[in-house]
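Residue-level structure breakdown
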Amino acid sequence: MKIFINDKLIHVEEGTTILEAAKLLDIKIPTLCHLHLHDIKFINKQASCRVCVVDVEGYDQLLPACATPCKEGMKVSTDSYRAIQARRTIVELLLSDHPNSCLTCAMNLDCELQQLAHDLGIRRIHYEGETHKEPIDNNSYSIIRDPNKCILCKRCETMCTEIQTVGALTDIGRGFFTTVGSAFNRPMNETTCTFCGQCLAVCPTGALTEVNNIKRVWQAISQDKYVVVQTAPAVRVALGEEFGLPAGTPITGKMVTALKRLGFKQVFDTDFAADLTIMEEATEFVNRVKSGGKLPILTSCCPSWVNFMEQQFPDMLDIPSSCKSPHEMFGALTKSYYCEKTGLKPEDVVVVSIMPCVAKKYESRRAELEGADGHRDVDYVITTRELAIMIKETGINFLDLHDSDFDNPMGESTGAGVIFGASGGVIEATLRTAYHMITGDELADTQMEFQSLRGLKGIKTASVTIMDRVFNIAVAHGLGNARKLLEGIKSGEYEVDAIEIMACPGGCIGGAGQPYHHGNMEILEQRIAGIYSEDRSKHKRRSHQNEYVQLLYRDFLGEPGSEKAIDLLHTHYTPRPRL
Amino acid sequence: MNIKELTQIREQQWWELIKRLNEEPFKYHIGDGEISLKGEEFKLQQRIALRNIGIINPNKIEEYIATGGYFALARALENEPKEVIKTIKDANLRGRGGAGFPAGRKWEAAAYHETDEKYVVCNADEGDPGAYMDRSILEGDPHTVLEGMALCGYAIGASKGYIYVRAEYPKAVASLITAIEQAKAHNLLGNHILGSDFHFDIELRLGAGAFVCGESTALMESIEGKRGMPRNKEFRTTERGLWGKPTVINNVETLANIPPILTKGAQWFKEIGTEKSSGTKVFALVGKVQKPGLVEVPMGMSIYDIVYLIGGGIPKGKKAKAVQTGGPSGGCIPSHLFDTKVDFESLEAVGSIMGSGGMVVMDENDCMVDIAKFFLEFSVDESCGKCTPCRIGNKRLLEILQRLTLGEGEISDLTKLENLSRVICQTSLCGLGQSSPNPVLSTLNYFYDEYKEHAQDKHCRSGVCKALLRYEINDRCVGCTRCVQHCPVDCISGSIRERHYIDATECIHCGECFKNCPVNAIDVF
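Owing to the predicted nature of the structure, the values given are computational and were not obtained by experimental measurement.

Rules and cut-offs
- Residues numbered from 1 in each chain as written.
- Chains lettered and ligands numbered in written order.
- Predicted model: local features only at pLDDT ≥ 70, side-chain atom pairs only at ≥ 80, totals over all residues.
- Helix = DSSP H or I, 4+ residues; strand = E, 2+ residues; numbered from the N terminus.
- Expected span 1.5 Å × (residues − 1).
- Buried ≥ 20, exposed ≤ 12 C-beta atoms within 10 Å, placed from the backbone.
- Axes fitted to C-alpha atoms, helices over the stretch in contact; angles between N-to-C directions.
- Parallel < 35°, antiparallel > 145°, perpendicular 65-115°, else oblique.
- Left-handed = near helix turned anticlockwise from the far one by under 90°.
- Contact = placed C-beta atoms within 7 Å.
- Nonpolar A, V, L, I, M, F, W, Y, C, P; charged D, E, K, R; others polar.
- Domains from an automatic or database assignment.
- Pairing = 2+ DSSP bridges.
- Core = buried A, V, L, I, M, F, W, Y, C linked by C-beta atoms within 7 Å.

In this section: helix α8 (residues 270-291) of chain A. All names here are of chain A. For α8, with 22 residues, the first-to-last C-alpha span of 31 Å sits near the 32 Å given by 1.5 Å per residue. Most of α8 is tucked away: 16 of the 22 residues are buried. With its phi angle positive at about 70 degrees, Gly-292 sits one or two positions after the end of α8.

On to unusual backbone geometry. What is expected of a backbone is that most residues other than glycine have negative phi and most peptide bonds are trans. Residues and elements named next belong to chain A. In this structure, the amide linkage connecting Leu-295 to the following residue, Pro-296, adopts the cis form with an omega of 0 degrees. A cis amide bond, omega 20 degrees, links Asn-408 with the succeeding residue Pro-409. Here Pro-409 lies in the loop between α12 (384-394) and α13 (415-418). The phi angle at Lys-154 is positive, at roughly 65 degrees, despite the residue not being glycine. Considering the arrangement of structural elements, one finds Lys-154 in the loop between β8 (143-145) and α4 (155-163). One non-glycine residue, Asn-185, lies in positive phi territory at about 50 degrees.

Our next topic: the packing of helix α2 (residues 81-96) of chain A against helix α15 (residues 388-405) of chain B. Here α2 of chain A crosses α15 of chain B at 70 degrees, and the two axes come no closer than 9 Å. Here α2 of chain A is positioned roughly perpendicular relative to α15 of chain B, judged by the angle of their axes. In terms of crossing hand, the pair formed by α2 of chain A and α15 of chain B is left-handed. Contacts from Ile-90, Leu-93, Leu-94 and Ser-96 of chain A of α2 of chain A reach α15 of chain B at Thr-388, Pro-389, Ile-392, Gly-393 and Arg-396 of chain B. Classifying every residue of the contact of α2 of chain A with α15 of chain B gives five nonpolar, three polar and one charged.

Residues and elements named next belong to chain A. By domain assignment, chain A separates into domain 1 (2-104), domain 2 (132-211) and domain 3 (215-569). A C-alpha centroid distance of 41 Å is found between domain 1 and domain 3. Taken residue by residue, the interface counts five residues in domain 1 and five residues in domain 3. For the side of domain 1 that touches domain 3, the per-class residue count stands at three nonpolar, one polar and one charged.

Let us look at the sheet that holds strand β17 (residues 459-466) of chain A. Residues and elements named next belong to chain A. What the four strands build is an open sheet, ordered β14-β19-β18-β17; its pairing is mixed. The two strands at the open ends of the sheet, each matched to only one other strand, are β14 (297-298) and β17. Direction of pairing for strand β18 (residues 469-477) relative to strand β19 (residues 498-502): parallel, over a ladder of five bridges. Residue pairing in the sheet places His-477 in a bridge with Met-502 of β19. In this fold helix α15 (residues 479-491) packs onto β17, β18 and β19, with an angle of close to 145 degrees to the strand it touches most, β18.

Quick look at the interface of chain A and chain B now. Contacts between the two partners involve 27 residues from chain A, matched on the other side by 26 residues from chain B. If you tally residues by element for the side of chain A that touches chain B, the top one is α2 of chain A, at six residues. In terms of residue class, the side of chain A that touches chain B is built from 13 nonpolar, eight polar and six charged.

Let's shift gears to the nonpolar core. Counting residues in each nonpolar core, the largest one holds 324 residues, and the members touching the most others are Val-54 of chain A together with Trp-107, Leu-151 and Ile-306 of chain B. In this structure, Tyr-471, Ile-492, Ala-521 and Ile-522 of chain B belong to the second largest nonpolar core, which totals eight residues.

If you want it as structure tokens, here you go:
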């Protein structure tokens with residue numbers, strides 16, 4: 001059908017919205033609540049903010065472009081005086097009930113409302129009056145909820161309920177005092193929230209943000225502590241975005257230099273612990289296969305996923321691998337192996353994790369991960385965004401930094417450790433090593449890239465034949481897909497031997513601690529590409545080939561699955577059914 | 001049950017009914033097959049939707065049948081469904097819930113879609129302040145609503161109906177429950193109705209009192225068990241309504257009109273009322289009027305006739321100032337426009353709407369700024385909070401009105417009121433938001449002087465806005481000190497038997513001095 005937008009003719013298919021048609025014509029209509037993440041089937045079409053209203057011939061009303069389907073012969077004006085004035089008024093109204101604390105807001109310069117006010121040239125708010133004065137929920141270790149900054153776009157609710165199927169967030173109250181909250185307005189840590197943080201990854205304002213741990217890290221560095229830092233695989237393909245580089249640009253060397261400049265005594269790599277995780281997990285898998293144990297085995301690197309399972313599938317807690325997540329393994333080893341090697345006292349050592357994730361903040365405080373003497377494997381977790389702030393705060397000119405290598409003995413990693421950062425990576429890395437453990441041979445370089453387990457498809461499957469036995473593998477990312485997969489396993493729809501699950505779209509590269517993607521899913525694709533190109537650039541790409549991991553087993557742990565390894569590197573799960 | 005048995009019940013019960021009614025001959029006028037209520041106020045009325053109210057016993061299905069009830073359904077079942085739609089279309093019955101959309105066209109649209117399931121929904125979530133038209137029908141004649149729904153179900157091919165009724169109407173709920181049970185027992189609902197292949201069931205859904213749930217899509221969300229918030233208007237409900245299926249949603253009064261139209265024919269109905277607005281309309285006539293109550297009049301009657309001839313005029317010989325129609329979504333019509341005809345088009349032309357039938361009469365003691373504030377307070381309270389213009393815009397409008405009535409307004413506020421009202425009307429998501437500034441816009445239009453006085457002179461001519469009142473003691477003061485004794489803030493001074501004075505800077509405008517002065521020595525400005 002044909003329609004006219006600002007007198008320009010365009011042919012569109014039935015069902016196309018005015019907003020989509022305008023995009024084809026390169027006409028920008030400002031939006032706020034609208035968000036469409038095609039790749040993960042996320043669509044927030046509330047048409048509630050009314051910022052995208054346009055003039056359509058024959059209508060007294062101004063219509064929301066995001067949710068109005070085109071009709072044959074429609075004449076749309078996106079820039080009429082009436083439409084522009086109405087948009088300005090609507091943004092003014094939103095601002096009239098918004099704290100004007102932009103300068104100190106966590107979303108400063110990332111806020112879509114701020115950007116909108118800037119683009120529309122709002123200089124004065126004509127309608128001022130009562131504002132929200134709700135208490136801020138900072139009870140959890142991961143997420144801060146400030147209802148006063150909420151503009152009720154409901155992106156968080158759509159994400160939490162439809163994509164993640166968690167349903168922790170919904171609108172409560174009525175009229176002017178409507179806000180997004182939880183059932184009975186309980187704090188997030190008392191809800192079904194898994195702390196995946198995808199709500200804050202799509203929040204256009206500062207209503208949902210991460211708990212900030214920067215100050216604690218600075219304090220640890222400035223005190224007489226031996227502060228050790230580790231960085232997750234997904235951080236290195238996204239940190240550059242905070243300094244204007246395209247997503248996926250490899251900046252690992254610069255990142256290490258920056259961390260050294262910040263004052264960390266040792267800069268280690270979580271990828272090392274990822275290789276170690278593979279050794280433990282592949283051993284567990286092979287043992288279960290050989291001894292006829294419980295299959296499928298589920299990966300357990302994702303704390304949000306573990307939380308989801310404990311709450312929603314408490315009857316299936318015998319399936320997941322008992323492995324701690326890599327950064328927790330790293331923390332446990334730092335305070336045992338590394339201290340033993342260097343003569344440091346564990347109580348003098350502080351472990352900081354730089355993660356793409358906000359759930360890791362919660363994970364580091366899990367009761368199950370508390371050491372016998374009360375110390376924690378990991379002391380502080382900060383996100384990729386928080387690290388960027390620390391770098392900027394110190395005045396380091398990140399782009400001009402030279403490259404440095406990670407410190408050893410816990411900085412060496414293989415390509416298998418790197419791909420942990422993308423959905424499908426953990427299981428691919430496991431297969432590379434499990435193949436070796438079962439057959440004694442190595443998968444050829446051409447065979448060890450499992451393309452069907454990569455990418456942004458919700459549920460991915462593959463079959464691998466090892467010594468005449470067919471292994472069915474499944475990968476899910478996003479908790480909604482995970483639920484589908486688990487229910488499919490219960491019902492017998494899926495018969496699989498090993499499963500990888502990550503709570504965030506695309507895996508850790510799409511984590512809630514990463515630089516904001518602002519709805520641009522290409523950024524996730526570029527980060528994924530960055531991860532796999534780093535894998536390919538490594539000359540060792542199988543975890544069991546990591547010499548420092550081998551050294552660790554030789555000097556300290558014995559062998560994979562040994563008593564010491566179980567004690568330090570494995571954990572257990574607790575059913576936590578919630579309302 | 002078949003039509004023959006139905007006729008038997010009718011004939012037998014008719015005489016029973018007459019016998020009962022004859023016990024109170026002064027109340028009823030019994031004609032040839034017709035019964036009406038006696039009384040001066042009923043002379044100018046024509047009761048179609050309310051035809052049985054106050055006459056039949058709502059808890060006895062036999063009495064409804066006696067007055068011809070369920071015969072429209074019985075006869076319709078002998079014909080094609082499209083005949084029903086044709087009659088309703090020809091009669092030009094327009095929705096009585098407010099917007100006035102032609103019911104026949106709605107039914108036709110829903111009938112057009114072929115799906116496994118369709119729904120008929122009765123909107124009985126009456127929520128306008130002071131309106132109780134639907135309530136009286138539900139309580140007094142529930143079977144007409146059931147019959148209307150069954151007819152709609154037959155016409156569009158639906159086998160399931162829902163009545164969404166407020167839980168605050170316990171008597172209506174009880175009467176509906178009884179009526180549904182009786183209709184099922186008589187094979188007038190359920191499977192194979194009257195021996196035909198038509199199945200139709202009705203379920204009740206109780207609303208929790210949110211006004212916005214009267215909006216059709218919010219109502220459907222609520223039936224589905226979700227938070228009652230309007231949907232985005234991407235599809236008509238006749239295409240995708242309840243549970244995504246084609247749905248006809250009609251209000252109680254609309255459905256009550258269906259059986260008589262099918263019984264007496266489209267032509268009969270079309271001859272009542274005006275050309276574009278056929279039939280009658282029920283109004284809840286309230287406010288400053290001698291005889292308030294429910295009235296049902298042919299469309300096109302003037303406001304004057306309703307207020308003065310049926311309502312008996314304004315009490316205490318006061319002058320009428322305006323009439324507010326359409327509830328919180330409607331507008332105020334000033335007294336000089338009282339010859340406006342009450343039909344969909346004429347009311348809209350003067351800046352108001354028909355709405356569901358609230359009619360509030362105001363006299364010279366009513367302040368129009370305060371009236372606008374009252375209705376807006378209601379809308380602000382009842383906004384669901386989904387879209388920005390309604391959630392925040394209405395709140396800001398209300399705050400401006402509050403400032404005006406407290407004497408804190410400025411003349412520039414009047415421009416703000418108008419501009420903001422227009423944006424809210426043009427950009428809100430649902431009917432509630434789109435119409436909520438109507439009381440403001442219509443009073444601004446017709447009573448601008450009153451607004452200006454509030455903003456500029458800090459004066460309320462009706463004496464309603466207490467904060468704007470100025471009290472002064474005149475020469476009649478005898479120095480009795482009664483005012484001094486009653487003043488809660490001690491702002492009156494003066495010696496005994498001498499004239500007293502009020503310190504205007506301390507006065508809180510409570511009016512105690514005025515009330516207690518024995519010699520009328522206190523002037524109010």
